[in-house]
Structure formats: C-alpha cells, structure tokens
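Spelled out from the first residue to the last, the chains are:
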Amino acid sequence: MKELLIVILVCVVIAAILWTNKRLRENIRNIFKIEELRKRITYTILIVLIYRFGSYVVLPGIDPNQLAELQNQSSSGLLGLLNMFSGGAFANASVFALGIMPYITASIIVQLLGMAIPYFQRLQKEGESGRRKINQITRYLTVLIVGVQAPGYIANLRAQLPAEAVCGGSPTLFFWISSVIILIAGTLFVMWLGERITDKGIGNGISLIIMIGIIARLPFALFAEVVSRFTQGSGGPIFFLIEIVVLVLVIIMTIMLVQGTRKIPVQYAKRVVGNKQYGGVRQYIPLKVNAAGVMPIIFAQAIMFVPITIAGFTQSESMSGFMTAFTNMNGFWYNAVFFLLIVVFTYFYTAVTINPAQMAEDIKKNGGFIPGVKPGKKTQEFFDDIISRITLPGSLFLGVVAIMPAIVSILGVNQQFSQFYGGTSLLILVGVVLDTLQQIESHLLMRHYDGLTKSGRIKGRSGRI
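Residues numbered from 1 in each chain as written. Predicted model: local features only at pLDDT ≥ 70, side-chain atom pairs only at ≥ 80, totals over all residues. Heavy atoms only, no water.

1. Considerations on the packing of helix α12 (residues 236-259) against helix α19 (residues 423-446)
Now for step 1: With their axes 10 Å apart at the nearest point, α12 and α19 run at an angle of 65° to one another. Crossing angle aside, the handedness with which α12 passes α19 is right-handed. Here V250, I251, T254, I255, L257, V258 and Q259 of α12 come into contact with α19, specifically with L426, L427, V430 and L434.
Now for step 2: Of the residues contributing to the contact of α12 with α19, the split by class is nine nonpolar, two polar and no charged. (Axes fitted to C-alpha atoms, helices over the stretch in contact; angles between N-to-C directions. Helix = DSSP H or I, 4+ residues; strand = E, 2+ residues; numbered from the N terminus. Left-handed = near helix turned anticlockwise from the far one by under 90°. Contact = heavy atoms within 4.5 Å. Nonpolar A, V, L, I, M, F, W, Y, C, P; charged D, E, K, R; others polar.)

Pasting the structure below:
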C-alpha cells in the first residue's frame, strides 16, 4: 500500500511540473514526434520495467514473508550500498540480488589490467575486434566473480533469516547449486538487458540500470524522511525545506564538478596542398576537472571496508578498539581517512588514465602547438602542470561530495535519505542523467527542433561508469 501511495505521489508531482512549465511540455511533445526517438524511449522503459519486476522475484526456497531481518541488515554499511545499487533486490533475496555490480567489478579489473599487462594493451589498440575480445573476457570474469559471491550471499541468507525461512530449515545440496546458478543467470540477464538498452534504447544501458537501482530507493527514503519530520517532532516542515534546498545545492555543485573543464588552445599551422589550404585553425583540448569520475570513491570505499572485515574476525581488545573507530561511517576518523584516500586515488587514477607525453606527441605529429609553449618536452611539462593544478580542486571537491552523506546524517537526516546527498550514488545519478539528456537533445537538434535548455547544449560526461 505504501509503495502504491508513493507512486501516485510521484505521478502527481510530475503532472504538476508539466502543467506549470510550458517549455517542458513542448519539449516532450517534440520528443514523441520523432518516431525513432519515441521507439527508443519506449523500448528503454519496457526493459526497465522488466528489470524492476525481476527485483521482486524471490529465489526459490526462500520464504518472502520472513525477509524483514535481511532488509534491516541491508539498510546501512556495505550491504546497504550493495542493496542501493541493486534497487532493493539484495534485501528482497531476488534472482537479481547481486545485480550488475559483478560486471562493474569485472570491467574495473579488466581496465586496470589494460594499464599494466601488454596483452590487454594490444587488445585496446586493435579496434572493434579487440573490443569484442575484451567484452568476452569481461563476461567470463563476471561469471567467475558471481560464482564466488553467490555462495557467500546464500550463506548470509541462512545466517540472517530464521531457520525455517530457507528451504523449511533444511537446505539441500540441490538448493545451493540451483541458487548459485540462478544468481549467475540473474546477473547475466541484467547485463544483457543493459546491452539491449545501449543498442536499441536511449543512453548507456549498464549505467542506466545502476541509476534505476539507485533512484528506486529515493521515494522510500524521501517518504521516511517526511514521516520522521512531520510525525516525530524532529524539526517539522522548516527543517525539511532546508534539507531539500541543501540537496538541490549539492546537486548543482556536483553537476559543476562533472561538467567542469579547462580548455587548452591548440593552434595548427597552415598547409597548402594544390589549390586548397588546410589547417590554420585554433582548436581546444578539454581537460576535465574530475577526469577520474567515481573511480576514486569506489577504490577508497573498497579499502575502507577492510577494517570492518578485520574487526569481524579479530578477538584482540586493543585491535578491536582501533578498528571500531573505522567501522563508524559517521565518525571523524573514518571520514578523514576516506577523504584523504579519495584525494590520493584521484591523483593516481588521473595520472594513469591521462598521458601528457602522448598528448604532446600527438599534437606535434599533427603540426599543432600551444601558443607560447614550445612543442615536445615543454608541451608535456605544460600539460603536467595544468593537470596537477586542476586535479587538486577537483579531488578536494570530490572528497567533500563523498563525505556529505555522513555530514548530513550527523545533522539529523535519515540514514537512507542521506545517501542521496553525495557519494557514488549522486555522481552516478548526475552523470547518467546528463548523458541520457544529451542523447535526447542530439536527436532533437538533428531534426531541427529546439534543444532541452535555453542557455545552450547539455554537456554529458565522457566515458562509462
């Protein structure tokens, strides 16, 4: 009943926005006038509905009426993060419980291997054939990762749920094997749905599925926050209004972080071939303020969960006390170390992904130069200096965005709702929405319709999640 009320409320809010905004109504009409765009959006919506339906299909042998303990356990910490990315499927013991995260993990591993192993570097340079080979390796690695995670997930179900909730209290070997196979098939099916969206829908499918999983928790978190403010006497409507204003400001700053670039002018010399003149134009190389994206937060979170794991196994009181300081996600030491790790990983990942020497060499080969800078070594040093300077504010701002959920949680915001004030979830939401809107706007402009904004074209972020 609560879910139905939330859906109705969201529909009413959307209808009110459309009713009061004439330009938005016109843009939506233009979108549905384009047949190809209309089909792509409809196809994407159908795939998303299939994904959301599968998130509520419980594993065979699990009693869905006794999942309350698992849902309470998955409201915070690492399990809360996994549950948010899976759109609640983790806490529902669904066939999609492990979601798309094993594929993301496999993609990150393959990407890191491409920076260190010559074989993967050669594949990255082989064009379409190399890309297909890398995708095949990523899928195999995804199956391996799910095969390792699935037994752990089932063991967690047995530990957290009442004994009779799992196969009536006596799980058999067939239950274990079949559940592992179903979880592997569920992850591969979600991965396939994402690829279908990329091919025939709108936006990047994998990123869009992650965004849907995150945003699916927003209505419930917002509902819980409204209830706590208006019924429990903890601030009332004024405090809730301040929360919404702060959330909007954080989103605006995150958009600035995602879109922020430093344009480096490059002048190309004139060349006369026959009766035609080539070159002689000035172009710009955009260097992103946050070239690392969400990767520093993901790496830092992975390291910060190590003390939590060690604390669960150690019996030493002194070691346990030390680790306890790093298991409190709202504590000072946890967030201070988390912030520093994000700054360090931002520099590391930027240095790995951006090669100033290669950029300087490419400019020199194409007959270009940066005004006031000598080609070759001086250009490389110039890029190094610029990247170092713009990465510092980008890394600091990224660190602030990452610890914002802890800050607002300390100030009294509900634990579920505080996750939308920053961290990986907010960066993914902003990046995917910008990418999707940019694709929609490209279709509109190609058919000579107005763009989605008056001030100029929407700039999406580069790359996938």
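Moving on from the coordinates now.
2. Thoughts on the pattern of salt bridges
Two side chains bearing opposite charge may form a pair once their charged atoms approach each other closely.
Now for step 1: If you walk through the whole model with that rule in mind, you get five salt bridges.
Now for step 2: K39 is the partner of E35 in a salt bridge, and the nearest nitrogen-oxygen pair spans 3.2 Å. With E35 and K39 both in helix α3 (residues 35-54) and four residues apart, the pair spans about one turn of that helix.
Now for step 3: The exposure class of K39 is exposed, given its relative accessible area of 54%.
Now for step 4: Its salt-bridge partner being R196, residue D199 comes within 3.0 Å of it at the nearest N-O pair. Of this pair, D199 and R196 both sit in helix α9 (residues 173-200), three residues apart, which is roughly one turn of the helix. (Salt bridge = Lys/Arg side-chain N within 4 Å of Asp/Glu carboxyl O. Buried < 20%, exposed > 50% of the residue type's maximum accessible area, 1.4 Å probe, protein only.)

3. A short note on the pairing of strand β1 (residues 261-268)
Now for step 1: Direction of pairing for β1 relative to strand β4 (residues 282-288): antiparallel, over a ladder of seven bridges. Bridge pairing links P265 to Y284 in β4.
Now for step 2: The pairing of β1 with strand β5 (residues 368-369) spans two bridges and is antiparallel. By the bridge assignment, Y268 is partnered in β5 with G368. (Pairing = 2+ DSSP bridges.)

4. A look at the nonpolar core
Now for step 1: Ranked by internal contacts, the top residues of the largest apolar core, which has 75 residues, are I62, I100, Y153, L183, F338 and L427.
Now for step 2: Top element by residues in this core is α9. It accounts for eight residues.
Now for step 3: Once you skip the residues sitting within four places of it in the chain, F338 turns out to touch I297, A300, Q301, M304, A402 and I403.
Now for step 4: Core analysis: the next-biggest nonpolar cluster, separate from the first, contains 13 residues, I354, F383, I387 and I390 among them. (Core = buried A, V, L, I, M, F, W, Y, C linked by side-chain atoms within 4.5 Å.)

5. Looking at the packing of helix α10 (residues 205-215) against α19
A pair of packed helices is characterised by two quantities: the angle between their axes and the separation of those axes.
Now for step 1: Where α10 meets α19, the axes come as close as 9 Å, and the angle between the chain directions of the two elements is 125°. In terms of their interaxial angle, α10 and α19 are classed as oblique. When the axes of α10 and α19 are compared, the crossing they make is left-handed. Packed against α10, whose contacting residues are S207, L208, I210, M211, I214 and I215, the element α19 presents S425, I428, L429, V432, V433 and T436 at the interface.
Now for step 2: Its residues placed into classes, the contact of α10 with α19 shows nine nonpolar, three polar and no charged. (Parallel < 35°, antiparallel > 145°, perpendicular 65-115°, else oblique.)

6. Here's the deal with the sheet that holds β1
Now for step 1: Taken together, the three strands give an open sheet; going across it, the order is β4-β1-β5, and neighbouring strands pair in antiparallel fashion. The open sheet has two edge strands with one neighbour each: β4 and β5.
Now for step 2: Lying on the sheet, helix α17 (residues 377-410) is in contact with β1 and β4; it crosses β4 at an angle near 45°.

7. A short note on α17
Now for step 1: Taking 1.5 Å as the rise per residue, α17 with 34 residues should run 50 Å; its terminal C-alpha atoms sit 49 Å apart, in good agreement.
Now for step 2: Along α17, the largest kink reaches about 45° and is centred on I403; proline P405 follows within four residues of it.
Now for step 3: Just beyond α17, the residue with positive phi is G412, at close to 110°. (Expected span 1.5 Å × (residues − 1). Bend = angle between axes of the 7 residues up to and from the residue.)

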